[in-house]
Amino acid sequence: DNDPELVGDALPFAVKMYESLLAANPGHLGLRLQTGSLYIMYANAFLQTPAVMLPEAEYKKQEFVFKRAKNLYLRGRDILLTGLENKFPGFREALQKRNFNEALKRTTKKDAPLLYWAGAGWLGAYAIDPFDMDLGMTLPAAAALMDRVLKLDKNYANGAIHEFYILYYGSLPEYMGGSLRKAREHFDQAVDVSNGKSSTPYLSLAT
């Protein structure tokens, strides 16, 4: 669309419409995926990204918008995790206990979108508030979801999984699993998968 603001203004209505449909059909995985991922996309594109570009003088507004974005990241993540729990009973408990292999062993390539968006929302919420130590302690679960996506579909969504790892490995300190070497490896793979036609790997590496 050539008018991003129009899309941004319309998207909340679409999200709430999908959420209403989901409330009436809670077992519908397609609705759950659409609703959860839309929350995460909206938080990233129309809340976090514009807030990052605000001048320092508007730090109070930025802080307020960041809190909104974090809330919606987590809302989207939880909608998606509920879908995985419904499909694989005991999934969330296994994640909480860090029994990641047990939680993920039944997932297949068809589950990659649910896993990817749940992990993206999870990391997005932490990236926006890295001083939330309680949330930070749960990041290995988010990483496990993404690792599973990588194993199920190594070039998921035309390299989006590699773009995720550029940010993941590049933004975390080493003691939490960060690695500039791994970030650059995934950058190279993302550029290769997109044949150099996507700007996202470059933006992710710069970030």
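Please read these numbers as outputs of a predicted model, since none were measured by experiment.

Caption draft 1: How the structure looks around the nonpolar core. Formed by 58 residues in total, the largest nonpolar core has its most connected members in F91, L95, W122 and L145. Listed by contribution, the elements that provide at least two residues to this core are α1 (4-24), α2 (29-52), α3 (59-87), α4 (91-96), α5 (100-104), α6 (112-128), α8 (139-152) and α9 (156-171). Tallying contributions element by element places α6 first for this core, with 11 residues. Ignoring anything within four residues of it in the chain, the contact list for L95 reads L81, F100, A103, W122, A141 and L145.

Caption draft 2: Quick peek at the packing of aromatic side chains. Tallying each qualifying case throughout the model produces nine aromatic pairs. Taking 5.3 Å as the distance between ring centres and 75° as the angle between the ring planes, the aromatic pair formed by Y168 and Y169 counts as edge-to-face. Looking at Y169, the relative accessible area reads 13%, which means it is buried. Where F187 meets Y202, the ring centres are 5.3 Å apart and the plane angle is 85°; that geometry is what we call edge-to-face.

Caption draft 3: Fine view of α1. Compared with an ideal rise of 1.5 Å per residue, which puts 21 residues at 30 Å, α1 spans 30 Å between its outermost C-alpha atoms and is within 8% of the ideal. Of all the bends in α1, the greatest, near 30°, is centred on A10, and the proline P12 appears no more than four residues after it. All of the buried residues along α1 are G8, L11, A14, V15 and L22. Those residues of α1 that are buried lie in contact with α2 and α3.

Caption draft 4: The arrangement of the layout of surface pockets in detail. Of the voids in this model, the largest pocket is the one considered here, and its volume is about 1,200 Å³. If you go around the largest pocket, you meet 33 residues; those closest to its centre are N44, Q48, Y73, L167 and T207. Of all the elements in the fold, those that place two or more residues in the lining of the largest pocket are α2, α6, α9 and α11 (200-206). Taken together, the residues that form the lining of the largest pocket break down as 23 nonpolar, nine polar and one charged. Lining the second largest pocket are R77, L81, R92, L95, Q96, R98, F100, W122, L135, M137, T138 and A141. Breaking the lining of the second largest pocket down by element, the ones donating at least two residues are α3 and α4. Sorting elements by how many residues they give to the lining of the second largest pocket places α4 first, with three residues. Considered class by class, the residues forming the lining of the second largest pocket number seven nonpolar, two polar and three charged.

The rules behind each value
- Residues numbered from 1 in each chain as written.
- Predicted model: local features only at pLDDT ≥ 70, side-chain atom pairs only at ≥ 80, totals over all residues.
- Heavy atoms only, no water.
- Core = buried A, V, L, I, M, F, W, Y, C linked by side-chain atoms within 4.5 Å.
- Buried < 20%, exposed > 50% of the residue type's maximum accessible area, 1.4 Å probe, protein only.
- Helix = DSSP H or I, 4+ residues; strand = E, 2+ residues; numbered from the N terminus.
- Contact = heavy atoms within 4.5 Å.
- Phe/Tyr/Trp six-rings, centres within 6.5 Å; stacked < 30°, edge-to-face > 60°.
- Expected span 1.5 Å × (residues − 1).
- Bend = angle between axes of the 7 residues up to and from the residue.
- 1 Å grid on protein atoms, 1.4 Å probe; cavity = no way out; pocket = protein on both sides within 12 Å on 5 of 7 lines; lining within 4 Å.
- Points joined across faces, edges and corners; volume = space filled by probe spheres on them.
- Nonpolar A, V, L, I, M, F, W, Y, C, P; charged D, E, K, R; others polar.

Read these as layout, nothing more, since geometry by itself doesn't imply function.
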